[in-house]
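Analysis of the macromolecular model
Here's the letter readout for the chains.
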Amino acid sequence: QVQLVESGGGLVQAGGSLRLSCAASGRTFSSYAMGWFRQAPGKGREFVAAISRSGLYPYYADSVKGRFTISRDNAKNTVDLQMNSLKPEDTAVYYCAADSRAIVDVLTVDYWGQGTQVTVSS
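Residues numbered from 1 in each chain as written. Predicted model: local features only at pLDDT ≥ 70, side-chain atom pairs only at ≥ 80, totals over all residues. Heavy atoms only, no water.

1. What to know about the nonpolar core
Among the nonpolar cores identified, the biggest contains 29 residues, and Leu4, Met34, Trp36, Val79, Leu81, Met83 and Tyr94 are the most heavily contacted of them. Among the secondary structure elements, those contributing two or more residues to this core are β3 (18-24), β4 (33-39), β5 (46-51), β7 (68-73), β8 (78-83), β9 (92-99) and β11 (116-121). Beyond its immediate stretch of four places on either side in the chain, tyrosine 94 contacts Glu6, Leu20, Trp36, Phe37, Arg38, Val48, Phe68, Leu81, Met83, Gly115, Thr116 and Val118. The next biggest cluster of nonpolar side chains, apart from the first, holds 6 residues, and it includes Ala33, Phe37, Ala50 and Val104. (Core = buried A, V, L, I, M, F, W, Y, C linked by side-chain atoms within 4.5 Å. Buried < 20%, exposed > 50% of the residue type's maximum accessible area, 1.4 Å probe, protein only. Helix = DSSP H or I, 4+ residues; strand = E, 2+ residues; numbered from the N terminus. Contact = heavy atoms within 4.5 Å.)

2. A few points about unusual backbone geometry
Of note, the phi angle at asparagine 77 is positive, near 60 degrees, even though the residue is not glycine. Within the secondary structure layout, asparagine 77 lies in the loop between β7 and β8.

3. Regarding the pattern of salt bridges
Under the definition given, this model contains 7 salt bridges. A salt bridge links aspartate 90 to arginine 38; the shortest N-O distance between them is 2.9 Å. Taken together, the residues aspartate 90 in the loop between β8 and β9 and arginine 38 in strand β4 connect sequence positions 52 residues apart. Salt-bridge contacts for aspartate 90 lead to arginine 67; the nearest nitrogen and oxygen are separated by 2.8 Å. Pair noted here: aspartate 90 is in the loop between β8 and β9 and arginine 67 is in the loop between β6 (58-60) and β7, with a separation of 23 residues, a long-range link. (Salt bridge = Lys/Arg side-chain N within 4 Å of Asp/Glu carboxyl O.)

4. Here's the deal with the pairing of β4
Of all 7 residues making up β4, 6 are buried, and the element is well covered by its neighbours. Examined bridge by bridge, β4 and β9 share 7 bridges and lie antiparallel to one another. Bridge pairing in β9 places glutamine 39 opposite valine 93. Looking at chain direction, β4 and β5 are connected through 5 bridges and run antiparallel. When the bridges of β5 are listed, phenylalanine 37 appears paired with phenylalanine 47. Following β4, the chain reverses through 6 residues before pairing antiparallel with β5; glycine 42 in that reversal takes a positive phi of roughly 80 degrees. (Pairing = 2+ DSSP bridges.)

No statement about biological role is implied by the geometric values presented.
Shown next, in the form of structure tokens:
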């Protein structure tokens, strides 16, 4: 069992930055690929970024590439999402996810966090 708790959401103006953090319980954190998804009102849950178990291989949705950076610390059981140059369309609830498979996929995620709201004003 893995519990995920996100923090760091809030309100920011367009062009600003936020850093989200996800803290995981359990001693098997390094066994999971980790990811971030988001869900805007009236829309489905959308992939944002993910990172391999080792932390060596990050990958991103095209919509955030070059603006967001995902990182993990297996010693601290944390995964972070640094978000720069934020746009109003980035407004959503952001969810941390753990997937026991090599690739994080919304259909195969094993554990979800409770979500944290990010609001970007224009």
